Amino acid sequence: MNIHTPTFNFSVNALVRDIHIFSAMLVLLLMLFFAVSGFFLAHPDLSDGNKPTTEQTFSPPNWLYSASNWDEHYTQHGLQLMLWLDKNHNIRGVDYEFEWDDIDELLIISLQSPGGNTLVEYFINEQRINVQKSPFSFLDTLNNVHRAKHTSTVWKYMSDASAIIMVLFCLTGLWLALIHKGTRKASSQWFLAGSSAFVLALYLMH
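Below: a short report on this structure. (Residues numbered from 1 in each chain as written. Predicted model: local features only at pLDDT ≥ 70, side-chain atom pairs only at ≥ 80, totals over all residues. Heavy atoms only, no water.)

### A word on the pattern of salt bridges
Phase 1: Under the definition given, this model contains two salt bridges.
Phase 2: One salt bridge connects R92 with D86, and the closest N-O pair in it is separated by 2.6 Å.
Phase 3: Owing to a relative accessible area of 46%, R92 belongs among the partly exposed residues under this scheme.
Phase 4: A relative accessible area of 29% places D86 in the partly exposed class.
Phase 5: Two residues, R128 and E126, come together in a salt bridge whose shortest N-O distance is 2.2 Å. (Salt bridge = Lys/Arg side-chain N within 4 Å of Asp/Glu carboxyl O. Buried < 20%, exposed > 50% of the residue type's maximum accessible area, 1.4 Å probe, protein only.)

Spelled out as structure tokens, the structure:
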């Protein structure tokens, strides 16, 4: 009885080609996004201008009347107020800061997001909440997302992962261009030309 032993034909070039193709498919939209937003980031003069600032006034919730010791617990009270504003008025931010003005007995909450900034002021003596929204333009929002400025942790992780995959895409593309005799010479020339232009541009910046 003849026993056929399976053979495995492992090809480095085939593996590199698969990595190159599927890495491009995985981050195709991200590559396009970073390319387009990076162009506008390098040309701030093309900004379409910020949207007008808006202001709103709200009456505080009943439970806020009984809050005490603001000078010591303004952070805890501020977090509760943020949750209330998010749930009832759709006011939120990715990053936030609290500030307590002991003289005016004023709580200030600064909310930042890629799409704009929001300033919340709670006047305890007047029992009044002022909210000032300063939204950014569409292009400025894209620029902030590109830089991962005031973005979520998920987006930052995705940006890091996409950067690694893009490096793999570039290196595997270089490999595939150099292993073929027909394209090796032209690929090397284009690689040297592009690399020289990059190094020259870096040198001329100083």
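More follows now that the structure is in view.
### Describing the environment of N62
Phase 1: Position of N62 relative to the elements: it lies in helix 3 (residues 62-65).
Phase 2: Residues N62 and A177, spaced 115 residues apart in sequence, show a C-alpha to C-alpha distance of 69 Å. (Helix = DSSP H or I, 4+ residues; strand = E, 2+ residues; numbered from the N terminus.)

### A short note on a negative patch on the surface
Phase 1: On the surface, D71, E72, D102, D104 and E105 cluster together into a patch of negative charge.
Phase 2: Positionally, E72 belongs in helix 4 (residues 70-89). (Patch = residues over 30% accessible without salt bridge, like charges linked within 9 Å, V, L, I, M, F, W, Y side chains within 5 Å. Areas by Shrake-Rupley, 256 points an atom, 1.4 Å probe, with all protein chains shown as cover. Lys, Arg positive; Asp, Glu negative; His and termini not counted. Charge placed at Lys NZ, Arg CZ, Asp CG, Glu CD.)

### Some points on the pairing of strand 5 (residues 128-135)
Phase 1: For strand 1 (residues 54-58) and strand 5, the ladder comprises five bridges, and the chain directions are antiparallel. Bridging from a neighbouring strand, T54 pairs with K133 of strand 5.
Phase 2: Judged from the eight bridges that link them, strand 4 (residues 116-123) and strand 5 form a sheet pairing that is antiparallel. Its bridge partner lying in strand 5, G116 is registered against P135.
Phase 3: Between the antiparallel neighbours strand 4 and strand 5 lie four residues, among them Q127 with a positive phi of about 50°. (Pairing = 2+ DSSP bridges.)

### With respect to the pairing of strand 3 (residues 106-113)
Phase 1: With seven of eight residues buried, strand 3 lies mostly within the body of the structure.
Phase 2: As defined by bridge partners, strand 2 (residues 95-101) adjoins strand 3 across seven bridges and the pair is classed as antiparallel. Bridging from a neighbouring strand, Y96 pairs with L111 of strand 3.
Phase 3: Hairpin connection of strand 2 to strand 3: four residues between the antiparallel strands, including E105 at a positive phi of 50°.
Phase 4: Pairing of strand 3 with strand 4 involves eight bridges; the strand directions are antiparallel. Within strand 4, the position partnered with S110 by the bridge is L119.
Phase 5: Counting the residues in the hairpin turn of strand 3 and strand 4 gives two residues.

All quantities given are derived from atomic positions and should not be read as evidence of function.
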